[in-house]
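Fold and contact review
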Amino acid sequence: KLVKDLWPCSETGYKKEDQANLLLSLQRFSKQPHIEGGDYVTVTEVYNPPKSGFPGRLNSNGCQGLVRAVRSNVLKDTSDLDMNNGMPRCMVWACREFGIPAPQLKYYINNRDGETGMLRRIMDTASVSKGKAKQLVIIALTDSNKLRTGSQPLKKLDAEAKEIQGGLMAVPELQWILTFCKEDNRAGSFMSHLYHFIECKLLMRVYSMLVGEFRL
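Reading guide: rules and limits
- Residues numbered from 1 in each chain as written.
- Predicted model: local features only at pLDDT ≥ 70, side-chain atom pairs only at ≥ 80, totals over all residues.
- Heavy atoms only, no water.
- Axes fitted to C-alpha atoms, helices over the stretch in contact; angles between N-to-C directions.
- Helix = DSSP H or I, 4+ residues; strand = E, 2+ residues; numbered from the N terminus.
- Parallel < 35°, antiparallel > 145°, perpendicular 65-115°, else oblique.
- Contact = heavy atoms within 4.5 Å.
- Nonpolar A, V, L, I, M, F, W, Y, C, P; charged D, E, K, R; others polar.
- Salt bridge = Lys/Arg side-chain N within 4 Å of Asp/Glu carboxyl O.
- Buried < 20%, exposed > 50% of the residue type's maximum accessible area, 1.4 Å probe, protein only.
- Patch = residues over 30% accessible without salt bridge, like charges linked within 9 Å, V, L, I, M, F, W, Y side chains within 5 Å.
- Areas by Shrake-Rupley, 256 points an atom, 1.4 Å probe, with all protein chains shown as cover.
- Expected span 1.5 Å × (residues − 1).

Let's talk about the packing of helix α6 (residues 103–110) against helix α9 (residues 152–169)
Interaxial distance between α6 and α9 falls to 8 Å at its minimum, and their mutual angle equals 125°. With respect to their mutual orientation, α6 and α9 come out oblique. Residues P103, Q104, L105 and Y108 of α6 pack against K156, L157, E160 and I164 of α9. Classifying every residue of the contact of α6 with α9 by side-chain character gives 5 nonpolar, 1 polar and 2 charged.

Pasting the structure below:
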């Protein structure tokens, strides 16, 4: 009843199925092992790799699946550790490792923010918000098709992104990733899988540092 009252279909655009899934995610979260002590509740969450067997992004039935409004309240007294400009940085690192030129992407990373930065130029030339501008850069990297845009900075970035896709897909050491990729967007899927692989490696290193070195 509470879910239906707080997320009414008539106002939110939700369907009954969406409400049911929202309730299910809340129930899964609350069923996890937890300890109540003082002002805080310590919840134990289990994270698993994808069912496909690909060693990539980890998933849980916990707070990761909660709607943002609920998750923000549940985690309001915790610290959020996030990568800054994660995917572009990881792709530039991969390009450097395998000798693939990426001057446009490097320039984007080094000159992304500020009034004269790349994000602002994309926002102005494509007439989009900051969030959408960031999303378009990610789409350029993870879509096999060329972006349809009148923004010249974005066009240059997109053209290079397609060359990066082809270059990384041809690397012998990365061929194993191809078997996990979607056929309808093979190059873009490859880039997403490669990023998730690198992301997971970084995540596990940070986790071991926090637990093993800082005893958290």
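Re the environment of Y40
Looking at the secondary structure, you find Y40 in strand β2 (residues 40–43). Expressed as a C-alpha distance, the spacing of Y40 and D77, which sit 37 residues apart in the sequence, is 9.1 Å.

What about the pattern of salt bridges?
Inspection of the entire model under this criterion finds 9 salt bridges. In this structure, the salt-bridge partner of D113 is R112, at a minimum N-O distance of 3.3 Å. R186 is the partner of E183 in a salt bridge, and the nearest nitrogen-oxygen pair spans 3.5 Å. In this structure E183 comes out as exposed when scored by relative accessible area, which is 62%. When salt bridges that share partners are traced, they join E115, R120 and D124 into one network.

Points about a nonpolar patch on the surface
On the surface, L203, M204, Y207 and V211 cluster together to form a nonpolar patch covering roughly 370 Å² of accessible area. Examined against the element boundaries, Y207 turns out to sit in helix α10 (residues 186–213).

Overview of α10
Relative to the 40 Å expected for 28 residues at 1.5 Å per residue, α10 spans 40 Å between its end C-alpha atoms, a close match to the ideal helical length. For α10, the full list of buried residues reads A187, G188, S189, F190, M191, H193, L194, Y195, I198, E199 and C200. On its buried face, α10 sits against α5 (86–97), α8 (130–142) and α9. At the C-terminal side of α10, R215 shows a positive phi close to 55°.

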